[in-house]
Amino acid sequence: MRGIEQIPWLYDLLMHLAPGVERWRGKLVAGARGRVLEVGCGTGRTLPGYREDVELFALDPNFDVLPRACRRCGDARFLCASAEFLPFADDSFDCVVSSLVFCSVPDVDRGLRELKRVLRPEGRLLMLEHVQARSKFGARFLDWIQPAWTRITGGCHPNRDTVAAVERAGFVIEADSLRVRGLMRRFTARLAD
Ligand SMILES: C[S@@+](CC[C@H](N)C(=O)[O-])C[C@H]1O[C@@H](n2cnc3c(N)ncnc32)[C@H](O)[C@@H]1O
């Protein structure tokens, strides 16, 4: 069954109700430099926010979202692929970006390993994700709604601890980059030494 993430017009319509997220997307991608890969670009809401001098590659496993993404940024190169199987050589990118994606990636650890593989040693991972609630009540609530939420959205797990997964995968989150608002996290991470 298709969920919201697989229905491009509906996803974009609902995103108009979240202007705060749009601002966070803009701040996320403004920091990208050099050769950049965005994984899970969806309908391309982040794409107009990149600097003009980046060399941008954008991918999503859902082919149906790519025409919209392409309309938002004709300069990027688009691929239909998933984070867990990146069709790029090791050390290919200065920057990898993901915006609200790892809540939906089926195999988070494999996806993060792939991001690590394609990042150059001095590269940066820029991420915007929502995470599991910190309060016991909030966490229980998100655990409770997760099965229905995942079905309706088409893959999103509201109770994932993506920040912990990023650290477990061998990234170091740059402390002064971490921005927190409620369940949202925006940060830059580098490869651990
Ligand atoms: C909530 S949408 C976010 C889209 C866009 N990044 C944004 O900020 O609006 C999640 C996106 O992740 C994509 N996605 C799901 N599984 C994925 C995977 N394994 N690898 C890469 N992207 C994936 C979905 O197709 C969807 O477009």
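The coordinates are above.
Now for a description of the structure that goes with this document. (Residues numbered from 1 in each chain as written. Predicted model: local features only at pLDDT ≥ 70, side-chain atom pairs only at ≥ 80, totals over all residues. Heavy atoms only, no water.)

What about the site of the ligand?
Inference 1: Lining the immediate environment of the ligand, one finds 19 residues, of which Tyr11, Gly40, Asp60, Glu84 and Ser99 sit closest.
Inference 2: Gly40 is positioned with one of its backbone polar atoms (N or O) 2.7 Å from a nitrogen atom of the ligand.
Inference 3: At a separation of 2.8 Å, a nitrogen atom of the ligand approaches a polar backbone atom of Ala83.
Inference 4: Protein coverage of the free-state accessible area of the ligand, which is 590 Å², stands at 94%.
Inference 5: Class assignment for the residues of the shell around the ligand results in eight nonpolar, six polar and five charged. (Near = heavy atom within 4 Å. Polar contact = N/O pair within 3.5 Å; in protein donor to acceptor, adjacent residues only side chain to side chain. Areas by Shrake-Rupley, 256 points an atom, 1.4 Å probe, with all protein chains shown as cover. Nonpolar A, V, L, I, M, F, W, Y, C, P; charged D, E, K, R; others polar.)

Let's talk about a nonpolar patch on the surface
Inference 1: On the surface, Phe137, Phe141 and Trp144 cluster together into a nonpolar patch covering about 450 Å² of accessible area.
Inference 2: Mapped onto the fold, Phe141 is located in helix H5 (residues 136–153).
Inference 3: Owing to a relative accessible area of 40%, Phe141 belongs among the partly exposed residues under this scheme. (Patch = residues over 30% accessible without salt bridge, like charges linked within 9 Å, V, L, I, M, F, W, Y side chains within 5 Å. Salt bridge = Lys/Arg side-chain N within 4 Å of Asp/Glu carboxyl O. Helix = DSSP H or I, 4+ residues; strand = E, 2+ residues; numbered from the N terminus. Buried < 20%, exposed > 50% of the residue type's maximum accessible area, 1.4 Å probe, protein only.)

Details of the side chain of Arg186
Inference 1: Tracing the sequence through the fold places Arg186 in strand E8 (residues 184–191).
Inference 2: As a buried residue without a salt bridge, Arg186 has its nearest oppositely charged side chain in Asp176, at a separation of 11 Å.
Inference 3: Not counting chain neighbours up to four residues away, the residues in contact with Arg186 comprise Trp24, Lys27, Leu28, Met127, Leu128, Ser177, Leu178 and Arg179. (Lys, Arg positive; Asp, Glu negative; His and termini not counted. Contact = heavy atoms within 4.5 Å.)

Here's the deal with unusual backbone geometry
Inference 1: The residue Asp91 is not glycine, and still its phi comes out positive at about 55°.
Inference 2: Positive phi outside glycine occurs at Leu100, with the angle close to 60°.
Inference 3: Within the fold, Leu100 resides in the loop between strand E4 (93–99) and helix H4 (108–118).
Inference 4: Classification of Leu100 by relative accessible area gives buried; the value is 17%.

Some thoughts on H4
Inference 1: All buried positions along H4 are accounted for by Val108, Gly111, Leu112, Glu114, Leu115 and Val118. Around the axis of H4, the buried residues are gathered within 155° of arc, so they sit on the same side.
Inference 2: Packed against the buried residues of H4 are strand E1 (35–39), E4, strand E5 (119–130), helix H6 (162–168) and strand E6 (171–173). (Arc of directions from axis to C-beta.)

What about the packing of aromatic side chains?
Inference 1: According to the stated counting rule, one finds four aromatic pairs in the structure shown.
Inference 2: Centre to centre, the rings of Phe57 and Phe88 are 5.7 Å apart; their planes meet at 85°, and the pair counts as edge-to-face. Taken as a pair, Phe57 in strand E2 (residues 55–59) and Phe88 in the loop between strand E3 (77–79) and E4 lie far apart in primary sequence, 31 residues in all. No difference in accessibility class separates Phe57 from Phe88, as the two residues are buried. (Phe/Tyr/Trp six-rings, centres within 6.5 Å; stacked < 30°, edge-to-face > 60°.)

Comments concerning the pairing of E5
One face of the sheet, then the other: side chains in a regular strand alternate in exactly this way.
Inference 1: Sheet analysis places E4 next to E5, joined by six bridges and oriented parallel. By the bridge assignment, Phe93 is partnered in E5 with Leu119.
Inference 2: By the bridge criterion, seven bridges tie E5 to E8 in an arrangement that is antiparallel. Bridging from a neighbouring strand, Glu129 pairs with Arg185 of E8. (Pairing = 2+ DSSP bridges.)

Observations concerning the pattern of salt bridges
Any two side chains of opposite charge can pair if their charged atoms end up close together.
Inference 1: On inspection of all chains with the given rule, the structure shows 15 salt bridges.
Inference 2: With a closest N to O distance of 2.7 Å, Arg45 and Asp12 form a salt bridge. Of the two residues, Arg45 sits in the loop between E1 and E2 while Asp12 sits in helix H1 (residues 8–15), which places them 33 residues apart along the sequence. A single burial state applies to Arg45 and to Asp12, both of which are buried.
Inference 3: For Arg168, the salt bridge identified is with Asp109, shortest N-O distance 3.1 Å. With a gap of 59 residues between them, Arg168 in helix H6 and Asp109 in helix H4 connect regions that are remote in the sequence.
Inference 4: Each of Asp12, Glu22, Arg25, Arg45, Arg68 and Arg72 takes part in one network of salt bridges that share partners.

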